[in-house]
Amino acid sequence: MTVPRRMTILCRDAKVLLEAAGYDVVIVPERSLQQRFLAHLIAFDGNADMRYIWIKIAIQPFVCLAEIETHCSREVGEIRKRLARYPQQANFHGEIWVATADGRFHCYEVSADAIRAIFKGKRAPLVRMEGAAT
């Protein structure tokens, strides 16, 4: 499966998971991603919560958060730039969801000075990734 096709499937699966959690979700069109660096998904929970979600694909699982910061350095930098530019936006959450070969999303929230795991271990949301290794 090609990377653009896999990314389309991952965005759709992430949207389903977020909608099941009560969010309204917008998938950012591929053309917008090419013109400006934007998140793959934007999820809204009324005016209380806004999540910008970048999706990455990883062949092997990560052992520590430093590996996440290295693998996703571009996304982490973009999130931190936005946090520094608009510190008054308390409802902004920048997240990176890493899809692994076992068919799970490993989710991380990026703050100005740290990265933290949102779901840990077996609680990571399971996705129906076509072509995933079993």
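Scope of this entry: the structure provided in the associated data block. (Residues numbered from 1 in each chain as written. Predicted model: local features only at pLDDT ≥ 70, side-chain atom pairs only at ≥ 80, totals over all residues. Heavy atoms only, no water.)

As for the pattern of salt bridges
Note the threshold: In the sections that follow, a salt bridge refers to a side-chain nitrogen of Lys or Arg positioned within 4 Å of a carboxyl oxygen of Asp or Glu. Per the convention used, a helix needs a DSSP run of H or I reaching at least four residues, while a strand needs a run of E reaching at least two, with both numbered from the N terminus.
Within the structure shown, the criterion is met by seven salt bridges. Here E19 and K15 are joined by a salt bridge, their closest N and O atoms 3.6 Å apart. In this pair, E19 and K15 are both assigned in helix α1 (residues 3-20), four residues apart and thus about one turn of the helix distant. The closest approach of N and O atoms between R116 and E109, which form a salt bridge, is 2.7 Å.

Details of the packing of aromatic side chains
Note the threshold: Only centres within 6.5 Å qualify two rings of Phe, Tyr or Trp (six-membered ring in Trp) as a pair; their planes then separate them into stacked at under 30 degrees, edge-to-face at over 60, and tilted for everything else. Only protein chains enter the calculation, and the probe is 1.4 Å; a residue is then buried if its accessible area is under 20% of its type maximum, exposed if over 50%, and partly exposed in between. Comment: the charge-over-ring label is applied if NZ (Lys) or CZ (Arg) is within 6 Å of the ring centre and within 35 degrees of the ring normal.
Counted by the stated rule, this structure contains two aromatic pairs. Relative to F92, the ring of Y52 lies with its centre 5.0 Å away and its plane at 45°, an arrangement referred to as tilted. Of this pair, Y52 sits in strand β3 (residues 49-57) while F92 sits in strand β4 (residues 92-99), and the two are 40 residues apart along the sequence. Taking the relative accessible area as the measure of exposure, Y52 reaches 16% and is therefore buried. If you follow R82 out to its NZ or CZ, it ends over the ring of Y52, 4.8 Å from the centre.

Concerning the sheet that holds strand β6 (residues 115-117)
What counts here: Paired strands are those between which DSSP finds at least two bridges. An axis is simply a line fitted to the C-alpha atoms; with a helix, the fit covers only the stretch in contact. Between two such axes, the angle follows the N-to-C directions and lies from 0 to 180 degrees.
Here six strands make up an open sheet; going across it, the order is β1-β2-β3-β4-β5-β6 and the pairing mixed. What marks the edges here is a single partner per strand, and that holds for β1 (24-27) and β6. For this sheet the average axis-to-axis angle between neighbouring strands, irrespective of direction, equals 25°. In the sheet, strand β2 (residues 41-45) pairs with β3 via five bridges, with the strands oriented antiparallel.

Digging into the nonpolar core
Filter applied, for reference: Put simply, a nonpolar core is a bunch of buried Ala, Val, Leu, Ile, Met, Phe, Trp, Tyr and Cys residues held in one set by side-chain atoms that sit within 4.5 Å of each other. Contacts between residues were defined by any pair of non-hydrogen atoms, one from each residue, lying within 4.5 Å.
Core analysis: the largest hydrophobic core is formed by 18 residues, its most contacted members being Y52, I79, I96 and V98. Secondary-structure elements contributing two or more residues to this core are β3, α4 (73-85), β4 and β5 (105-110). Apart from residues no more than four positions distant in its own chain, V98 is found in contact with K56, A58, F62, I68, C72, R104, F105, H106 and Y108. If you look at the next biggest cluster of nonpolar residues, it comprises 15 residues, including A14, I53, A99 and F105.

Re the environment of V110
Within the secondary structure, V110 sits in strand β5. A C-alpha to C-alpha distance of 7.0 Å links V110 and I79, two positions 31 residues apart in sequence. Residues contacting V110, with those up to four places away along its chain left out, are V76, I79, R80, L83, G94, I96 and I115.

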